[in-house]
Amino acid sequence: MIRVELPYHLRNLARVDGEVQLEVPAPVTVQAILDALEARYPVLCGTIRDHGTLKRRPFIRFFACREDLSLEPIDTALPEAIVNGSEPFLVVGAMAGG
Amino acid sequence: MSKVRVLAGTKKGAFILTADGKRKDWEVSGPHFAGWEIYHLKGSPLDPDRIYASQSSGWFGQIIQRSDDGGKTWQPPGGGPEPSPDGMPRGESNKFVYEGEAGAHKWYDGTQHPWEFKRVWHLEPSLTNPDIAYAGVEDAAIFKTADGGKTWKELPGLRQAKGHLWQPGAGGMAVHTIVIDPKNAERIFVAISAGGVFRTEDGGKTWRPATRGLKSPFELPDPDAEVGHCVHRIAIHPSRPDVLFMQKHWDVMRSDNAGDSWHEVSGNLPSDFGFPIDVHAHEPETIYVVPIKSDSEHYPPEGKLRVYRSKTGGNEWEALTKGLPQKDCYVNVLRDAMAVDQLDPCGIYFGTTGGQVYGSADGGNSWNAIVRDLPAVLSVEVQVLP
């Protein structure tokens, strides 16, 4: 199972506590995780990536295994630690600054 | 005795304020959608417990929420967290996609800039069908749902009304006001900041500017241009939908022919700049504005928060001050943040960027702060319940 951590507001929106666990078909990529996440929680459609273009929203970041994957192609295979569930895939709301 | 329910959208959530018909003792519930910007909430006039809400965030975009129990519980109408029995819903209630080729509008540097959806500013439920509602959005366009908010489709004819010439002001370019003619559901007015006011006579298929008589000598190279006027708000009385009142960037205006032409009724106001305007529930010639010092200083003149009332449909205005701060007050009152109830005497409500929601249960003669310390108030609506 893939473990996904959502930011506070998206956990509230999806009405989940803690991590989300998802079955994601191989190859496990950012796109595959987001597809599975949105299929399970349709209310998240449009909140992480744009409805039409499917581009990441500007103030969303994807972290995994201490790496920022936000700028990687979304069909890049994710590290084995994400695939085997030993590490979570993090969807992060960027810092507001100020 | 009737109950009153005030729906306040704020920068950090929605709040629901309730009282009995005396409108003295209020209960506050919220924040709903804590931490999100709630640009607007509005109930269906046919089913007051059905309330539509626009929830948005710079991080996470646009969510549409709907309550069917007067705001106690909420669901995104087309994308709840559980899959539906007949398959996976697709979160369509959050989806606002321009029809066809989105096209372009004028940008700050004079170039053409593609239309980009940012958020829903205003939700206007139909007067005849609780499943129908309209959404005014930024970048300026109007969308319609016919299934209670599950899906939204643009009415693209609006952007064909010289949309390529519309240019955002500093506050963005949004359809922020939607007024449906209560006697003719095919006639709808919308207002757009730095765009103007537009009217449809065929339910939204085609639109035309309704700006003759508006003058913007400090904002537009052609003061009488057909589009580009910064209309802040329009309001009607339901008994007389051909009479419209407008708070423009500068100038309070009036039309007696459904927007075919406008004339100024600013009269003796201390400033004719402001945002909201509304009409008394039972007196079609009684109107309310909140003068703001200027476009450069968005707070009341002299630090005195005053609602101005005209009982003559404009030109002659009186300051309403009882119960409102008359010194050191530097809040603003935004365009969607004033509403009137249908009780007798008529109740008037407005919210401020300082987080106060003020109410008057006597047509504006006296005011009380219903609540003082909310986040900045973006919108106020009111419902009278049996």
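Residues numbered from 1 in each chain as written. Chains lettered and ligands numbered in written order. Predicted model: local features only at pLDDT ≥ 70, side-chain atom pairs only at ≥ 80, totals over all residues.

A. Seen up close, the overall build of chain B. Looking only at helices and strands, one finds zero helices and 29 strands in chain B. For 386 residues, the compact-globule estimate of 2.2 N^0.38 gives 21 Å, and chain B sits close to it at 20 Å. Principal-axis analysis of the C-alpha atoms gives chain B an extent of 60 × 50 × 40 Å. Taken over 386 residues, chain B has a buried fraction of 54%. For chain B, contacts bridging at least 24 residues in sequence account for 49% of all contacts bridging at least 6. (Helix = DSSP H or I, 4+ residues; strand = E, 2+ residues; numbered from the N terminus. Rg over C-alpha atoms; globule rule 2.2 N^0.38 Å. Buried ≥ 20, exposed ≤ 12 C-beta atoms within 10 Å, placed from the backbone. Contact = placed C-beta atoms within 7 Å.)

B. Looking closely at the overall build of chain A. Along chain A, the regular secondary structure elements total three helices and five strands. Listing the helices and strands of chain A from first to last along the sequence gives β-α-β-α-β-β-α-β. Taken over C-alpha atoms, the radius of gyration comes to 12 Å for chain A, in line with the 13 Å a tight globule of 98 residues would show. Counting only C-alpha atoms and orienting by the principal axes, one finds that chain A spans roughly 35 × 25 × 25 Å. By the burial criterion, 31% of the 98 residues in chain A qualify as buried.

C. Looking closely at the sheet that holds strand β12 (residues 153-154) of chain B. Strand order in the open sheet formed by four strands is β9-β10-β11-β12 (chain B), with antiparallel pairing between adjacent strands. The sheet is open, and its two edges are formed by β9 (119-125) and β12 of chain B, each paired on a single side. (Pairing = 2+ DSSP bridges.)

D. Structural detail: the sheet that holds strand β1 (residues 2-5) of chain A. Residue and element names in this part refer to chain A. Taken in spatial order, the five strands line up as β2-β1-β5-β3-β4 in an open sheet, and their pairing is mixed. Single-partner strands in this sheet number two, and they are β2 (20-22) and β4 (67-68). Helix-sheet contacts for helix α2 (residues 30-40) involve β1, β2, β3 (60-64) and β5 (89-93), and the interaxial angle to β2 is about 110°. (Axes fitted to C-alpha atoms, helices over the stretch in contact; angles between N-to-C directions.)

E. The interface of chain A and chain B, seen in detail. The partner chain B presents 20 residues to the 20 residues of chain A that form the contact. At the level of elements, α1 (8-14) and α2 of chain A are the ones that each hand at least two residues to the side of chain A that touches chain B. When residues in the side of chain A that touches chain B are grouped by element, the largest group, four residues, is from α1 of chain A. Looking at side-chain class alone, the side of chain A that touches chain B contains 11 nonpolar, six polar and three charged residues. (Nonpolar A, V, L, I, M, F, W, Y, C, P; charged D, E, K, R; others polar.)

F. Main features of unusual backbone geometry. Cis geometry marks the peptide bond from E138 of chain B to D139 of chain B; its omega dihedral reads -5°. Inspection of the secondary structure puts D139 of chain B in the loop between β10 (133-138) and β11 (141-145). Backbone geometry at R15 of chain A places phi at a positive 60°, although glycine is not the residue there. Assignment of secondary structure puts R15 of chain A in the loop between α1 and β2. Despite not being glycine, R23 of chain B has its phi angle at roughly 60°, a positive value. Relative to the helices and strands, R23 of chain B is located in the loop between β2 (13-20) and β3 (27-32).

G. Region of interest: α2 of chain A. Residues and elements named next belong to chain A. Residues V30, I33, L34, L37 and E38 constitute the buried set of α2. For α2, the angular spread of buried residues about the axis comes to 125°, placing them on one side. Here the buried face of α2 lies against β1, β2, β3 and β5. (Arc of directions from axis to C-beta.)

H. The arrangement of the pairing of β5 of chain A in detail. All names here are of chain A. Here β1 runs beside β5; their pairing, made up of two bridges, is parallel. Directly across from E5, in β5, lies its bridge partner L90. Looking at chain direction, β3 and β5 are connected through five bridges and run antiparallel. What sits directly across from I60, in β5, is G93.

I. The pairing of strand β13 (residues 175-180) of chain B, seen in detail. Residue and element names in this part refer to chain B. Of all six residues that make up β13, six are buried, and the element is covered over most of its length. Two strands pair when backbone bridges link them, and β13 and strand β14 (residues 188-192) are joined in this way by five bridges, in the antiparallel orientation. Across the sheet, residue T177 finds its bridge partner in β14, namely A191.

J. How the structure looks around the confidence of the model for chain B. Here chain B averages 94 in pLDDT, and 97% of its residues register 70 or above. We note a pTM of 0.94 for the whole complex and an ipTM of 0.91 for its interfaces. (pLDDT = per-residue confidence, 0-100.)

K. Geometry of the confidence of the model for chain A. Per-chain confidence: chain A averages 93 in pLDDT, with 98% of residues scoring 70 or above. Taken element by element, chain A is modelled with least confidence in α1 of chain A, mean pLDDT 93, and with most confidence in β1 of chain A, mean pLDDT 98.

L. The arrangement of the environment of G228 of chain B in detail. Residues and elements named next belong to chain B. On the secondary structure map, G228 appears in the loop between β16 (208-209) and β17 (231-236). G228 sits in the buried class, given 24 other C-beta atoms within 10 Å. As for G228 and W166, which are separated by 62 residues in sequence, their C-alpha atoms are 6.1 Å apart. Ignoring any residue separated from it by four or fewer positions in sequence, one finds G228 in contact with L165, Q167, A194, G195, G196 and L220.

M. The environment of P217 of chain B, seen in detail. All names here are of chain B. Mapped onto the secondary structure, P217 falls in the loop between β16 and β17. The exposure class of P217 is exposed, given the 10 C-beta atoms found within 10 Å. Along the sequence, P217 and H229 sit 12 residues apart, while their C-alpha atoms lie 9.9 Å from each other.

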